[in-house]
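Fold and geometry: a report
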Amino acid sequence: MPRLTAINPDTATGPAKALLDGVQSHLGMTPNLMRTMAHSPAVLDAYLKFSGTLAGGVLSAQHREQLALTVGEANQCEYCLSAHSALGKRAGLSPVQILENRAGVDSDPATAALLKFARSIVEKRGLVSDQDLQDVRDAGFGDAEIAETVAGVSLNIFTNYFNHLAQTEVDFPTVEPLPAGIAAANVV
């Protein structure tokens, strides 16, 4: 049961209404996460601007979704895992990739290094080692990608924690726990 209720876009007013209308126009739906954030238009606006700005960065839509899946699994956020599994599929990820990415792995060595780095950021609370940084650089990622990875991890931690606190009702197809054969990458 949600601890913070999702605002009905039809009854929203003022800045919350304008923001929710924009979400509906852009996505064709108004996810419960954003409807719940709308209690504070400042929170919803900050989230939309942060995610919107990162969408124009150097990381691809696939990489952003892969990072979200890795972070969501590390933080056990059912809402985000469900949402980003659907969004990842839309971005071209296969069902196998979605499962692997949740575990922080990928068949592509460069993407695997990026996801391992992201999970390391989460698990080490940003206190990554020089070797962690060197490994992601050796995989072909530069400072721009590294900076955006930190930002993407931070954005996803925010939504994971928000959903944990709010107990946001999942309005995407829910995901199952990872199968026993797919283990999370060992990064700590």
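Before reading on, note that the structure itself is shown above.
Residues numbered from 1 in each chain as written. Predicted model: local features only at pLDDT ≥ 70, side-chain atom pairs only at ≥ 80, totals over all residues. Heavy atoms only, no water.

1. Details of the environment of glutamate 176
Along the polypeptide, glutamate 176 turns up in the segment after α9 (143–166). Sequence separation between glutamate 176 and glycine 28 is 148 residues, and the spatial gap between their C-alpha atoms is 25 Å. (Helix = DSSP H or I, 4+ residues; strand = E, 2+ residues; numbered from the N terminus.)

2. Regarding the side chain of serine 85
Mapping serine 85 onto the fold places it in helix α5 (residues 78–90). Classification of serine 85 by relative accessible area gives buried; the value is 12%. Not counting the four nearest positions on each side in its chain, serine 85 is found in contact with Leu69, Cys80, Ile98, Arg102 and Val175. (Buried < 20%, exposed > 50% of the residue type's maximum accessible area, 1.4 Å probe, protein only. Contact = heavy atoms within 4.5 Å.)

3. Describing the packing of aromatic side chains
For the coordinates displayed, the defined rule picks out 2 aromatic pairs. Between tyrosine 79 and phenylalanine 172 the ring centres are 5.9 Å apart and the planes differ by 85°, which places this aromatic pair in the edge-to-face class. Placement of the pair is tyrosine 79 in helix α5 and phenylalanine 172 in the segment after α9, with a sequence separation of 93 residues. Among the residues examined, phenylalanine 172 registers a relative accessible area of 14% and is labelled buried. (Phe/Tyr/Trp six-rings, centres within 6.5 Å; stacked < 30°, edge-to-face > 60°.)

4. A look at the nonpolar core
Residues Leu20, Leu33, Met37, Ala38, Leu44, Tyr47 and Tyr79 are the most contacted members of the largest nonpolar core, which totals 22 residues. Broken down by secondary-structure element, the contributors of at least two residues to this core are α1 (14–27), α2 (32–37), α3 (41–55), α5 and α9. When residues no more than four places from it in sequence are discounted, the contact partners of leucine 20 are Ile7, Pro9, Ala12, Thr30, Met34, Arg35, Ala38 and Leu44. Phe117, Ile121, Val122 and Ile146 belong to the second-largest nonpolar core, a separate cluster that totals 13 residues. (Core = buried A, V, L, I, M, F, W, Y, C linked by side-chain atoms within 4.5 Å.)

5. Brief notes about the pattern of salt bridges
Within the structure shown, the criterion is met by 6 salt bridges. Between lysine 49 and aspartate 45 there is a salt bridge, with its nearest N and O atoms 3.0 Å apart. Here the residue lysine 49 and the residue aspartate 45 both occupy positions in helix α3, the gap between them amounting to 4 residues, near one helical turn. Using a relative accessible area of 52% as the deciding quantity, one classes lysine 49 as exposed. A salt bridge links arginine 137 to aspartate 143; the shortest N-O distance between them is 2.6 Å. Given a relative accessible area of 36%, arginine 137 falls into the partly exposed group. (Salt bridge = Lys/Arg side-chain N within 4 Å of Asp/Glu carboxyl O.)

6. Notes on the packing of helix α4 (residues 61–74) against helix α6 (residues 95–102)
Put simply, α4 and α6 touch, their axes get as near as 7 Å, and they point 50° apart. Compared by their axis directions, α4 and α6 come out oblique. Facing Gln66, Leu69, Thr70 and Glu73 of α4, the residues of α6 in contact are Gln97, Ile98, Asn101 and Arg102. (Axes fitted to C-alpha atoms, helices over the stretch in contact; angles between N-to-C directions. Parallel < 35°, antiparallel > 145°, perpendicular 65-115°, else oblique.)

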